[in-house]
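Listed here are the chains, written in short residue letters.
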Amino acid sequence: MRFNDIKGNRELKKRLAEMVDAERAGHAIMLEEKGGYGAVPLAVALIQYLSCRNRRDGDSCGECESCRRIDRMVHPDVHYVFPVNTTQKSGGEKKPVSSTFYQEWKKLVKDNPYFTEAELYDALGIEDKVGTISVQEAKEILNTMNLHSFEGGNRYMVIYLPERMTAETANKLLKIIEEPFPGSYFIFITQSPEKVIDTIRSRCLRIALQPVPMDSRKDSQEFMEFFTSLMDAALQNDLQTILKTCETIASIGRERQKRFCLFAEECLRTIMMTRLGIVNGESPAPISAKYAKIFPEPFFETAYHVFDNAKQSIEGNVNPKITFCNMGNLLFVNIRKLS
Ligand SMILES: [Zn+2]
């Protein structure tokens, strides 16, 4: 992953490269995003830049051994920690750690780099539970960062959502963040900086990301077409178009069906926030502005539940045709009832 491969945040990428060139990057960086802004790929690109020996034009070369291994997420000195919870996979272990789920994490970052927290939990299979970064994880972080690097170069620890750390976890990490071993870097990625324990936050160089247009995310263009088709048809009482769109959705495979439901929920949240005047200029602005005005307010919550129930049915292996036909019917009936 090079800076160039990342959509948006042009000024920020330039600033990061200049900081590294001037050796002013610091050893604890906190990237601040709302879900789906792509802070994880940005962290990967930053690490690649820090490690590349053939940097050029403000970017890593993408070709050297180090670049290729970081890009493939198989570099032994680049570590990732993220919130997890018990699943069948963690074998009922009380305090599972990120390394148990590394393959799922890698696949998510590769397939859908602009993922949200909900999409992470979905990918890990922890379902409706919220993940945490446990004290067990803190022990692993200390062990990892106290070792010498495998390759003799820098060591990196990316911690996704430090706000999900328990207080005990955070306290265990304070010292190593304050006095890191030479050549070690901590990159935190937060969606709620105010919830990160102050003693960690104050030790970091804080950098805020700008939103990435929703349509540049994987699948988003197609998902947006499904979403607007459903919403427009619901507003026009056009059951036939709704069912036709639902039939298409029923044919795209379970994983993508789940992602579509999450996408639709995110659209509804943004539209609702636009309506309340909370979001300004955040994607997907054009549709938000349009639907925020026309939908009756109770429809948002109802529609949110309709998409959420469809997602749960897909997870529960209910037939997709039945699931999405049912979803379409519910959207139709509810908008009729409310308009
Ligand atoms: Zn390189």
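The structure this text deals with has already been given above.
Residues numbered from 1 in each chain as written. Predicted model: local features only at pLDDT ≥ 70, side-chain atom pairs only at ≥ 80, totals over all residues. Heavy atoms only, no water.

A look at the coordination of the zinc ion
What counts is decided by this rule: Metal coordination here is assigned from N, O and S atoms located within 2.8 Å of the ion, or within 3.2 Å for Na, K and Ca; omission of water means that sites may look incomplete. For a four-donor site, all angles between 85 and 135 degrees give tetrahedral; for four or six donors, opposite pairs above 155 degrees with the remaining angles between 65 and 115 give square planar or octahedral; all remaining cases count as irregular. Each helix is a run of H or I in the DSSP string that is no shorter than four residues. Each strand is a run of E no shorter than two, and both are numbered from the N terminus.
Ligation of the zinc ion by protein atoms is provided by Cys52 (SG), Cys61 (SG), Cys64 (SG) and Cys67 (SG), these donors lying 2.3 to 2.4 Å from the ion. Between the four donor atoms coordinating the zinc ion, the angles at the centre fall across 103 to 123 degrees, so the site counts as tetrahedral. Donor residues for the zinc ion, ordered by position in the chain, follow C-x8-C-x2-C-x2-C. Here the residue Cys52 occupies a position in the loop between helix H2 (39–51) and helix H3 (65–71), and Cys67 occupies one in helix H3, the gap between them amounting to 15 residues.

Things to note about helix H5 (residues 117–124)
We apply this condition: Exposed residues in this analysis have more than 50% of their type's maximum accessible area, buried residues have under 20%, and partly exposed residues fall in between, with area computed by a 1.4 Å probe over protein chains only. Note on definitions: a residue-residue contact is assigned when non-hydrogen atoms from the two residues lie within 4.5 Å.
Where burial is concerned, most of H5 is hidden: six out of the eight residues are buried. Where the residues of H5 are buried, they touch helix H4 (102–111), strand E3 (155–160), helix H11 (254–275) and helix H13 (297–315). Just past H5, the residue Gly125 takes up positive phi, approximately 75 degrees.

Re the layout of surface pockets
Put simply, the rule is: For each structure, a 1 Å grid was placed over the protein atoms alone; sets of points admitting a 1.4 Å probe that cannot get out are labelled cavities, open sets with protein on both sides within 12 Å along at least five of seven lines are labelled pockets, and lining residues have an atom within 4 Å of a point. Grid points are joined across faces, edges and corners, and a volume is the space filled by probe spheres set on the points. Classes in brief: Ala, Val, Leu, Ile, Met, Phe, Trp, Tyr, Cys and Pro nonpolar; Asp, Glu, Lys and Arg charged; the others, Gly included, polar.
In this structure, the second largest pocket occupies an estimated 300 Å³ of space. In this structure, the second largest pocket is lined by 13 residues; those nearest its centre are Phe3, Asn4, Arg10, Lys13 and Lys14. Partitioning the lining of the second largest pocket into residue classes produces three nonpolar, three polar and seven charged.

Some details on the nonpolar core
Heads up, the rule is: Joining through side-chain atoms within 4.5 Å is the link that ties buried Ala, Val, Leu, Ile, Met, Phe, Trp, Tyr and Cys residues into a set, and such a set is a nonpolar core.
Counting 48 residues, the largest nonpolar core has Leu31, Phe82, Trp105, Leu120 and Tyr160 as its most contacted members. If you list the elements that add at least two residues to this core, you get helix H1 (10–21), strand E1 (28–32), H2, strand E2 (78–81), H4, H5, E3 and strand E4 (184–190). If one sorts the elements of this core by residue count, H2 sits on top with 10 residues. Grouped together as the second largest cluster of nonpolar side chains are 37 residues, Met231, Phe263, Ile287 and Val306 included.

Observations concerning the side chain of Ser134
Secondary-structure assignment places Ser134 in the loop between H5 and helix H6 (135–146). Once you skip the residues sitting within four places of it in the chain, Ser134 turns out to touch Lys95, Pro96 and Thr169.

Quick word on the environment of Tyr37
Tracing the backbone through its elements, the reader meets Tyr37 in the loop between E1 and H2. Separated by 28 residues in sequence, Tyr37 and Asn9 have C-alpha atoms that sit 9.3 Å apart.

Thoughts on H4
Applicable threshold: Relevant arc is that of directions from the helix axis to the C-beta atoms, nothing else.
All of the buried residues in H4 are Trp105, Leu108 and Val109. Each buried residue of H4 lies within a common arc of 95 degrees when the element is viewed along its axis, so the set occupies one face. Turned more than 90 degrees away from the buried face of H4, the exposed residues are Gln103 and Lys107. Its buried side turned inward, H4 meets H2, E2, H5 and E3.

Considerations on the sheet that holds E4
Put simply, the rule is: Only when DSSP finds a minimum of two bridges between them are two strands counted as paired. The axes used here are C-alpha line fits, helices contributing only the stretch in contact, and every angle between their N-to-C directions lies in the interval 0 to 180 degrees.
Pairing is parallel in the open sheet, where five strands are placed in the order E2-E3-E4-E1-E5. A strand with exactly one partner marks an edge of an open sheet, and here the two such strands are E2 and strand E5 (205–208). Averaged over neighbouring strand pairs, the angle between their axes works out to 20 degrees when direction is ignored. Of the strand pairs in this sheet, E1 and E4 are connected by five bridges, and their pairing is parallel. The partner of Met30 across the bridge, within E4, is Phe188. Those strands touched by H2 are E1, E2, E3 and E4, and its axis lies near 165 degrees from that of E4.

Details of the environment of Cys267
Along the chain, the position of Cys267 falls in helix H11. Measuring from C-alpha to C-alpha, the distance between Cys267 and Phe150 comes to 44 Å, with 117 residues separating the pair along the chain.

Regarding the pattern of salt bridges
Stated precisely, the cut-off is as follows: Each reported salt bridge corresponds to a side-chain nitrogen of Lys or Arg within 4 Å of a carboxyl oxygen of Asp or Glu.
Per the stated rule, a full pass over the model turns up 16 salt bridges. A salt bridge links Arg2 to Asp59; its shortest N-O distance comes to 3.8 Å. Taken together, the residues Arg2 in the segment before H1 and Asp59 in the loop between H2 and H3 connect sequence positions 57 residues apart. Overall, the relative accessible area of 24% leaves Arg2 in the partly exposed class. In this structure Asp59 comes out as buried when scored by relative accessible area, which is 2%. Here Glu32 makes a salt bridge to Arg206, at a shortest N to O gap of 2.6 Å.

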